[in-house]
Amino acid sequence: MALPFMMDPNVVAQMDQDVTITVEGNAVLVKGAEGQTLEVISLTGRKLAEYRIESPAQRVELNLSRGCYVLKIGKVVRKVSIR
């Protein structure tokens, strides 16, 4: 009988802490999130876009109007301002 796969919560927390999100104009630079999904969410809670992160450091053009948004990758959540 196979045992269910369990991951140590401390390891998961460490993995999430290595993710960085940096705003560069109308784009974001995502580091340490290879294989994960970047979600762009409005302040009203509506999901606006999803981007698959394919490399250790990836620049994503957001094509959003000016304003505040929530960016989420796994358990990492950041409120950002696009100017």
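Above: the structure in question.
About the cut-offs
- Residues numbered from 1 in each chain as written.
- Predicted model: local features only at pLDDT ≥ 70, side-chain atom pairs only at ≥ 80, totals over all residues.
- Heavy atoms only, no water.
- Helix = DSSP H or I, 4+ residues; strand = E, 2+ residues; numbered from the N terminus.
- Buried < 20%, exposed > 50% of the residue type's maximum accessible area, 1.4 Å probe, protein only.
- Contact = heavy atoms within 4.5 Å.
- Core = buried A, V, L, I, M, F, W, Y, C linked by side-chain atoms within 4.5 Å.
- Salt bridge = Lys/Arg side-chain N within 4 Å of Asp/Glu carboxyl O.
- Pairing = 2+ DSSP bridges.
- Axes fitted to C-alpha atoms, helices over the stretch in contact; angles between N-to-C directions.

S.K.: Teacher, can you tell me more about the environment of Lys 72 here?
M.R.: Note that Lys 72 resides in strand S6 (residues 67-73). Its relative accessible area of 30% is what places Lys 72 among the partly exposed residues. Between the C-alpha atoms of Lys 72 and Thr 37, which are 35 residues apart in sequence, the distance is 8.1 Å. With residues near it in sequence (within four places) discarded, Lys 72 still touches Thr 37, Leu 38, Glu 39, Ile 41 and Val 77.

S.K.: Would you mind showing me how to read the nonpolar core here?
M.R.: Looking at soluble globular proteins, one finds that nonpolar side chains tend to be buried together. Core analysis: the biggest nonpolar cluster contains 17 residues, and Val 28, Val 30, Leu 38, Leu 62, Leu 71 and Ile 73 have the highest contact counts within it. Counting residues per element, the ones that place at least two in this core are strand S2 (27-31), strand S3 (37-42), S6 and strand S7 (76-82). Leave out the neighbours within four places in its chain, and Leu 71 touches Ile 21, Val 28, Leu 38, Glu 39, Val 40, Val 76, Val 77, Arg 78 and Val 80.

S.K.: Which parts of the structure should I look at to understand the pattern of salt bridges?
M.R.: Between side chains of opposite charge, pairing is possible as soon as their charged atoms come close. In total, this model carries five salt bridges according to the counting rule given. Salt-bridge contacts for Arg 59 lead to Glu 24; the nearest nitrogen and oxygen are separated by 2.4 Å. Taken together, the positions of Arg 59 in strand S5 (residues 57-61) and Glu 24 in strand S1 (residues 20-24) put the pair 35 residues apart, joining distant regions of the chain. Taking relative accessible area as the criterion, Glu 24 reaches 34% and is therefore assigned partly exposed. For Glu 54, the salt bridge is made with Arg 52, and the minimal N-O distance between the two is 3.8 Å. Arg 52 sits in the partly exposed class, given a relative accessible area of 45%. Residues joined by salt bridges that share partners form a network here, namely Glu 24, Arg 59 and Glu 61.

S.K.: It is not clear to me how the sheet that holds S2 should be interpreted in this structure. Could you clarify?
M.R.: Taken in spatial order, the three strands line up as S1-S2-S5 in an open sheet, and their pairing is antiparallel. In this open sheet, the two strands that pair with only one neighbour each are S1 and S5. The average undirected angle you get between the axes of adjacent strands in this sheet is 20 degrees. Bridge count between S1 and S2: five bridges; the pairing is antiparallel. What sits directly across from Val 23, in S2, is Val 28.

None of the figures reported here should be taken as evidence of function without further support.
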